Protein chains: 2
Amino acid sequence: MTYCVAARLDSGLVFLADSRTNAGVDQISVFRKMTVFERPGDRVMVLMSSGNLAVSQAVLNALARQHDEGGETVWNAPDMFEATRRVGAAVRDVYHREAPALREQGVDFNVNLIFGGQIGAERCRLFQVYSAGNFIEAGQECPYFQIGEAKYGKPILDRVLRPDTSLDEAAKCALISMDSTLRSNISVGLPLDLLVYDTHALRVTHFASIDEHNEYFRMIRGTWGERLRQVFAEIPDPLWTNPDAPDSLVPPSRVHQPLRAEPVDAPMASYPAPQVLAEDPGKDQAS
Amino acid sequence: MTYCVAARLDSGLVFLADSRTNAGVDQISVFRKMTVFERPGDRVMVLMSSGNLAVSQAVLNALARQHDEGGETVWNAPDMFEATRRVGAAVRDVYHREAPALREQGVDFNVNLIFGGQIGAERCRLFQVYSAGNFIEAGQECPYFQIGEAKYGKPILDRVLRPDTSLDEAAKCALISMDSTLRSNISVGLPLDLLVYDTHALRVTHFASIDEHNEYFRMIRGTWGERLRQVFAEIPDPLWTNPDAPDSLVPPSRVHQPLRAEPVDAPMASYPAPQVLAEDPGKDQAS
């Protein structure tokens, strides 16, 4: 599997990808999932991929081979929307060539791409391209896209990322999101490719390859977990005993009664009347 | 969908379930997923379910109907392992009755259960029961189980839960895990059923039904998000400019170079030599 995340901020773009690929659990390899298309002064485009690795590589190869005289390529696309359309067209080309043979053997045609960058004076743009070659663009309300093992690392993005988040903060947020994913899912692994693009740079200026010795990432992993546990300890524990306290877990406004299965064969007398904790919590908390 | 989580601690058990059920996005209902089997002084068992709702309800019904004279029921099981085996047997009964008709219409027989509790003097035990009726027990190393939309809320459990975590802290942790899930996935929804079981109580003593007006849960939702953003802000941003600084993001020990696609049709002269940021970060960070 894979985890890639990218964000489009007011001040630029952030891309982060892991590099673990696996076929089952006993065939684990390192493949880089981020590819940069750069012509300094003219355009920078970044492609990240998840899904079937053979399909991803075939798409990349199709993009690299778009070089016929006068042909449409990502290198001569006038803007990012058109470049993304050409990425989608490459996905469709690969689909037509590969999908029938894959289908015969019960293999899904499965590829998901994040594609973003800047061409000339146009603003930075960020897209997610589906297996069908269609695509969506990130907007102000949802400034990020994820592909691969996205769920573990989504909560921190939802809580922190805003369009006005700075690039360095967004990179930090992406690294924390990756850390949560690395801890909870072994199909995602180091090293990481991190690329931070400043609007109007039109060249790659900030790129880091992050392995297990990277001190900044080690600091994030250690500090984040430790501070999270501190914050956790500082939040008050639930208050069961006084339903009238303002932050009680069992306010009297609600009946606090679980759904119960009754022992059908037992005499009814052996089954106590329903207990409503909020009405008499003292008795029920005797233990 | 559903999200349920349960933990087995040294001091007892914690169960938390949401109550949203959906068939597609336009048929959303509230069904409680936690059912309590309680005979005070003798046993408390808690069952939480995810998956196909009709299957879950059929299993519950099968368990409630295990009342034949001399029959094996969860009410007369001598210990939790045997009770869980009987839950698994109920799943298999339902499978034999329902699966062929479901299969004909392309519907998976999909049910996942968490089942835990205490019978007599035996220790508290916690199990996860699969669709095939087989099951696993939580141990010291992994003291919790999740079913349903488990990924969003897993990182906080991995970071905080230990066998010696107190019951109230584990309840708080489960609520934070639920909060992360609620924020990132609309198929999980309030109200929540929270049950905290103290070892040797042999009755339900701490149960809360938590809706959007619950002040404790509102406090958790507000405080956790806010403090998380504070901690996030306190972590230093990545340092790009000085590769020799101890916590630099681009230490010179590694080549910081993205994978690049080359414009095959462009004259090679127009393509600059690879840039190794760590060697000359100043130049590349001019923007």
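Going by what an unreviewed UniProt entry lists, chain A is known as Proteasome-type protease and is assigned to Achromobacter anxifer.

Colleague: Looking at this model, I keep getting lost on the packing of aromatic side chains. Mind explaining?
Modeller: Two numbers describe a pair of aromatic rings. These are the distance of the centres and the angle of the planes. For the structure shown, the criterion picks out 10 aromatic pairs over all chains. Centroid distance F37 of chain B to W75 of chain B: 5.8 Å. Interplanar angle 55 degrees. Geometry classified as tilted. With F37 of chain B in strand β5 (residues 34–39) and W75 of chain B in the loop between α1 (53–64) and α2 (80–104), this residue pair connects regions lying 38 residues apart in the sequence. Accessibility classification places F37 of chain B together with W75 of chain B in one group, the buried group. An aromatic cluster of at least three residues, connected via ring pairs, comprises F81, F127 and F135 of chain A. Lying over the aromatic face of F232 of chain B, K172 of chain A brings its terminal NZ or CZ to 4.5 Å of the ring centre.

Colleague: Whenever I open this one, the sheet that holds strand β11 (residues 192–198) of chain A confuses me. Can you help?
Modeller: Whether parallel or antiparallel, the strands of a sheet pair through hydrogen bonds between backbone atoms. Residue and element names in this part refer to chain A. The sheet built from 5 strands is open, its strands ordered β10-β1-β2-β11-β12 with antiparallel pairing. Edge positions in the sheet fall to β10 (144–148) and β12 (206–210), since each of these pairs with one other strand and no more. Within this sheet the neighbouring strands show an average axis-to-axis angle of 10 degrees, counted without direction. The pairing of strand β2 (residues 12–17) with β11 spans 6 bridges and is classified as antiparallel. Bridge pairing in β11 places V14 opposite V196.

Colleague: How should the sheet that holds strand β2 (residues 12–17) of chain B be read in this particular structure?
Modeller: Residues and elements named next belong to chain B. In spatial order, the strands read β10-β1-β2-β11-β12; together these 5 strands make up an open sheet with antiparallel pairing. For this open sheet the edge positions go to β10 (144–148) and β12 (206–210), each flanked by a neighbour on one side alone. Strand-to-strand twist across the sheet, computed as the mean angle between neighbouring axes with direction ignored, equals 10 degrees. The strands that helix α4 (residues 167–184) touches are β1 (3–9), β2, β11 (192–198) and β12; relative to β2, the one it contacts most, it runs at about 20 degrees.

Thresholds, definitions, all that
- Residues numbered from 1 in each chain as written.
- Chains lettered and ligands numbered in written order.
- Predicted model: local features only at pLDDT ≥ 70, side-chain atom pairs only at ≥ 80, totals over all residues.
- Heavy atoms only, no water.
- Phe/Tyr/Trp six-rings, centres within 6.5 Å; stacked < 30°, edge-to-face > 60°.
- Helix = DSSP H or I, 4+ residues; strand = E, 2+ residues; numbered from the N terminus.
- Buried < 20%, exposed > 50% of the residue type's maximum accessible area, 1.4 Å probe, protein only.
- Lys NZ or Arg CZ within 6 Å of the ring centre and 35° of its normal.
- Pairing = 2+ DSSP bridges.
- Axes fitted to C-alpha atoms, helices over the stretch in contact; angles between N-to-C directions.
- Contact = heavy atoms within 4.5 Å.

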